[in-house]
Amino acid sequence: MNPAASPSAAPSSPRVVLRQLSKYFDRFTALDRLDLTLPPGEFVVVLGRNGAGKTTLLRVLALLQQPSEGELLFDDRPAERLEPAFRRRLGFVGHETFLYDELTAEENLLFHARLHGLDRARERVREVLAEMELEPRAQSLARTLSRGLKQRLTLARAWLHRPDLLLLDEPATGLDAPTRERMHAWLAGCHRQGRSVVLSSHDLRESLQPATRILLLEDGRLVFDGPNTAGNQETVRARLHGGA
Amino acid sequence: MDTGRVALAVFRKDLVAERRTKEVFTAVLLFGFTVSVAFTFAFEPTSAEARKITGGLLWLAFLFSAVLGLNRAFARETSNQCLQGLRLIPADLGGVYLGKLASNLLFLLLAELVLLPPFGVFFDLTLWARPGWLFLILLLGTWGLAALGTMFSAVSANTRMQELMLPLLLLPLTVPVLIAAIESTVILLEGRPMSEAALWIKLLTGFDIVFTLLCWLLFDYVIQE
Amino acid sequence: MNESARHRLSLALLVVALLLIVSAWYYAFQVAPTERTMGTIQRIFYLHLPAAFLSFLAFFVVFVGSVAYLTTRRMGWDWAAASAAEVGVVFCAAVLISGPLWAKPVWGIWWTWDARLTTTLILFLIYVAYLMLRLYVTDSERRARLAAVVGILGFVDVPLVYMANRWWRTQHPEPVIAGGEGSGLDPQMWWGVLWAFAGLLTFASLLFFQRYRMEAMRAELTELARRARA
């Protein structure tokens with residue numbers, strides 16, 4: 001699996017800023033006054049236990065959820081004032097696959113390609129199927145695919161429009177080790193091309209190798225934010241396993 | 001235009017899925033058939049009196065089976081959170097509503113057309129005297145049901161009592177459609193001149209246009225998080 | 001406005017409402033002339049008509065609140081819509097109960113399908129669907145959004161329901177409860193109607209404000225609970 005280089009100019013990933021950003025669901029605080037600045041071209045791994053707020057953070061970044069308080073800025077522009085076309089620059093992989101069970105892998109991708117208004121949709125779909133090594137199963141119905149294949153297909157869907165910022169919520173769950181490694185290698189490749197990647201995980205067995213930055217969320221609060229060094233990895237590891 | 005592109009993509013996708021599974025069409029057809037049979041036990045389908053109520057019975061059968069069909073059609077979008085996935089596209093979501101309205105309308109109409117001959121047999125009706133008018137009434141009436149039905153199935157999908165909310169919302173609000181469609185159908189079946197139905201046809205058209213536009217504008221609010 | 005001032009205002013409203021209603025009652029039964037053909041039962045009209053008007057007014061408030069919520073996203077508008085809907089459903093029920101009570105002695109049947117009464121029945125069903133929707137959505141933001149959409153669609157629907165029923169009525173005529181569209185009203189009766197309307201309006205406003213306050217307090221409680229857990 002190797003991400004094809006962009007035919008056009010190098011991707012320009014956006015600069016993302018969160019200022020005192022909070023998200024509530026009635027009595028539950030999912031995100032608590034986050035302050036975060038992500039320069040373009042970062043590979044960020046967001047760590048935290050279950051319920052720490054990783055999913056909410058990624059959904060807010062993907063513009064799927066509106067913050068209750070605070071600001072979210074992309075290239076210094078407030079998120080709520082961004083035009084719908086901006087979403088072209090984002091790619092999101094969530095817990096749910098967003099796949100139609102009764103459609104084949106190819107049909108699923110073709111649908112999303114058309115929605116995105118991509119030129120030569122069929123060609124692009126075939127390209128991505130090849131990149132993700134899904135060609136042998138292109139005509140299989142989505143519901144017949146294994147978990148690993150579904151995940152690759154979901155990744156393919158997010159990659160179709162060559163986004164500048166990839167947001168992935170625990171993408172490695174349920175995947176076997178070799179598949180996980182290939183996915184991480186692929187993401188590293190995207191990062192090398194100049195894209196930003198934000199990836200969440202609750203599992204420290206994941207290779208943190210390609211990451212440039214580590215974040216740790218605890219009960220909706222950002223308790224650690226630093227570059228990916230061995231020392232920082234240790235600190236985070238201790239905090240995650242030891243408890244505050 | 002973005003909206004047109006999105007609507008067309010959604011429509012085509014629904015066609016592919018339905019051609020493969022035939023879920024919605026079969027559900028509407030079978031349920032409509034069962035309801036029609038039940039009606040023959042409840043009402044004596046003889047004499048001129050019957051003309052008046054069969055118009056009503058026909059549309060009741062359509063209404064009940066439409067509720068079933070709409071629920072089924074929308075279930076495709078809620079599994080795997082597909083509808084949320086649609087919010088990632090770089091376009092506004094009104095097109096999704098229009099696409100789903102078009103596919104729902106198509107499947108409901110097809111099922112209704114297949115349902116007509118057996119219904120005519122049960123109640124001894126001559127349905128095909130004025131097929132053009134019949135089709136027009138069917139189209140306008142079903143459009144009204146589908147316009148609000150597509151919207152409300154999206155609304156209901158967000159609640160705890162999905163299957164209950166759709167009919168609860170749809171039935172009262174489509175009363176104008178029912179009245180207009182039933183009255184026009186009765187006029188048609190009784191062999192009266194269709195000029196008598198002019199007002200009803202106008203009401204149906206007005207209803208369809210107003211609510212399609214309104215639902216198109218409001219759809220975005222329903223699927224936000 | 002602080003708590004005690006609010007209490008005193010509510011109490012004052014209640015007193016005014018009761019005074020108006022009791023005096024309207026007196027007017028309806030003692031002062032107003034007896035209707036020529038229908039007799040004493042017609043006096044229920046003094047409840048029936050103002051209640052009908054109030055239920056439509058309440059639905060209009062639901063509409064305004066719904067539009068305002070979607071444009072401003074301020075929860076206060078959602079509280080207003082919810083409160084108006086509950087008040088409206090109560091008055092709708094009053095219309096639907098007083099209608100048959102009137103119809104039976106006068107025409108011998110419990111229900112006549114005249115356009116206005118039927119529209120009120122459909123309006124009642126729309127309100128009930130709206131309130132049930134609110135009941136079955138747990139998240140407050142989602143509830144406000146979905147209810148607003150239904151509130152708008154429902155309100156736009158009401159004139160269409162009325163038209164459909166009117167035209168249907170001209171095809172299938174039957175007795176009309178409030179004397180039809182063209183019939184006039186004795187000026188003395190008009191006074192009774194206005195007086196009753198004033199009383200019911202005051203009472204409705206009281207209910208509305210109490211309910212609104214309840215929603216505001218619930219939101220405050222949720223906010224406090226959230227802060228406490230953080």
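Residues numbered from 1 in each chain as written. Chains lettered and ligands numbered in written order. Predicted model: local features only at pLDDT ≥ 70, side-chain atom pairs only at ≥ 80, totals over all residues. Heavy atoms only, no water.

1. Section: the overall build of chain C
Scanning chain C from terminus to terminus reveals 6 helices and 0 strands. In sequence order, chain C lays out its α and β elements as α-α-α-α-α-α. In chain C, which comprises 230 residues, the proportion classed as buried is 46%. Intrachain contacts of chain C at a sequence separation of at least 6 include 79% that bridge at least 24 residues. With the model as given, the accessible surface of chain C reaches about 11300 Å², and the carbon-plus-sulfur share is 70%. (Helix = DSSP H or I, 4+ residues; strand = E, 2+ residues; numbered from the N terminus. Buried < 20%, exposed > 50% of the residue type's maximum accessible area, 1.4 Å probe, protein only. Contact = heavy atoms within 4.5 Å. Areas by Shrake-Rupley, 256 points an atom, 1.4 Å probe, with all protein chains shown as cover.)

2. What to know about the overall build of chain A
In terms of helices and strands, chain A carries 6 helices and 10 strands. Out of the 244 residues in chain A, the part that is buried amounts to 59%. Of the contacts formed within chain A by residues at least 6 apart in sequence, a portion of 70% connects residues at least 24 apart. Accessible area for chain A stands at about 10000 Å²; split by element, carbon and sulfur atoms hold 48% of it.

3. Some points on the packing of aromatic side chains
Within this structure, the stated rule accounts for 18 aromatic pairs over all chains. Each ring, one from F74(A) and one from F86(A), has its centre 5.0 Å from the other, and the planes form 55°; the classification is tilted. A residue pair is termed long-range when its members are at least 10 positions apart, and F74(A) in strand β4 (residues 69–74) and F86(A) in the loop between β5 (77–78) and β6 (90–93) qualify at 12 residues. Exposure class is identical for F74(A) and F86(A). Each is buried. Centre to centre, the rings of W79(C) and Y212(C) are 5.7 Å apart; their planes meet at 75°, and the pair counts as edge-to-face. You can see W79(C) sitting in helix α3 (residues 75–107) and its partner Y212(C) sitting in helix α6 (residues 187–229), a full 133 residues away along the chain. (Phe/Tyr/Trp six-rings, centres within 6.5 Å; stacked < 30°, edge-to-face > 60°.)

4. Points about the sheet that holds strand β7 (residues 165–169) of chain A
Where strands meet in a sheet, backbone hydrogen bonds hold them as pairs that are either parallel or antiparallel. All names here are of chain A. Sheet architecture is open: 6 strands sit in the order β6-β7-β8-β3-β9-β10, paired in mixed fashion. Each of the sheet's edge strands pairs with one partner strand only, and the pair in question is β6 and β10 (221–227). When strand polarity is set aside, the average angle formed by the axes of neighbouring strands in this sheet is 15°. Relative to β7, β6 runs parallel, the two being bridged by 4 bridges. From the neighbouring strand, G91 faces β7, where its bridge partner is L166. Its contacts with the sheet put helix α6 (residues 230–242) on β3 (43–47), β9 (213–218) and β10, and the angle it makes with β9 is roughly 15°. (Pairing = 2+ DSSP bridges. Axes fitted to C-alpha atoms, helices over the stretch in contact; angles between N-to-C directions.)

5. Quick word on the interface of chain C and chain B
Between chain C and chain B, the contact holds 31 residues from the first and 32 residues from the second. Broken down residue by residue, the surface that chain C buries against chain B is led by Y136(C), L153(C) and W167(C), which jointly contribute 23%. In this structure, the connection of chain C to chain B is made through 0 salt bridges. On inspection of chain C and its partner chain B, the count reaches 6 residue pairs in polar contact (both at pLDDT 80 or more). Of all the elements in the fold, those that place two or more residues in the side of chain C that touches chain B are α4 (115–135) and α5 (140–171) of chain C. Looking at which element gives the most residues to the side of chain C that touches chain B, the answer is α5(C), with 18 residues. (Buried area = accessible area lost by both parts, 1.4 Å probe. Salt bridge = Lys/Arg side-chain N within 4 Å of Asp/Glu carboxyl O. Polar contact = N/O pair within 3.5 Å; in protein donor to acceptor, adjacent residues only side chain to side chain.)

6. Quick look at the confidence of the model for chain A
In the predicted model, chain A carries a mean pLDDT of 89, and 94% of its residues have values of at least 70. Highest mean pLDDT in chain A belongs to helix α1 (residues 54–61) of chain A (96); lowest belongs to α6(A) (84). (pLDDT = per-residue confidence, 0-100.)

7. Concerning the sheet that holds strand β2 (residues 28–38) of chain A
All names here are of chain A. With respect to topology, 4 strands assemble into an open sheet ordered β2-β1-β4-β5, the strand pairing being antiparallel. Where the open sheet ends on each side, the last strands, each with one partner, are β2 and β5. Bridge count for strand β1 (residues 16–25) against β4 is 5 bridges, and the pairing is antiparallel. Across the sheet, the residue bridging to S22 is E69, located in β4.

8. Some remarks on the environment of L160(C)
Relative to the elements of secondary structure, L160(C) occurs in helix α5. Those residues in contact with L160(C), other than ones at most four positions away along the chain, are P176(B), L203(B), F207(B) and F211(B).

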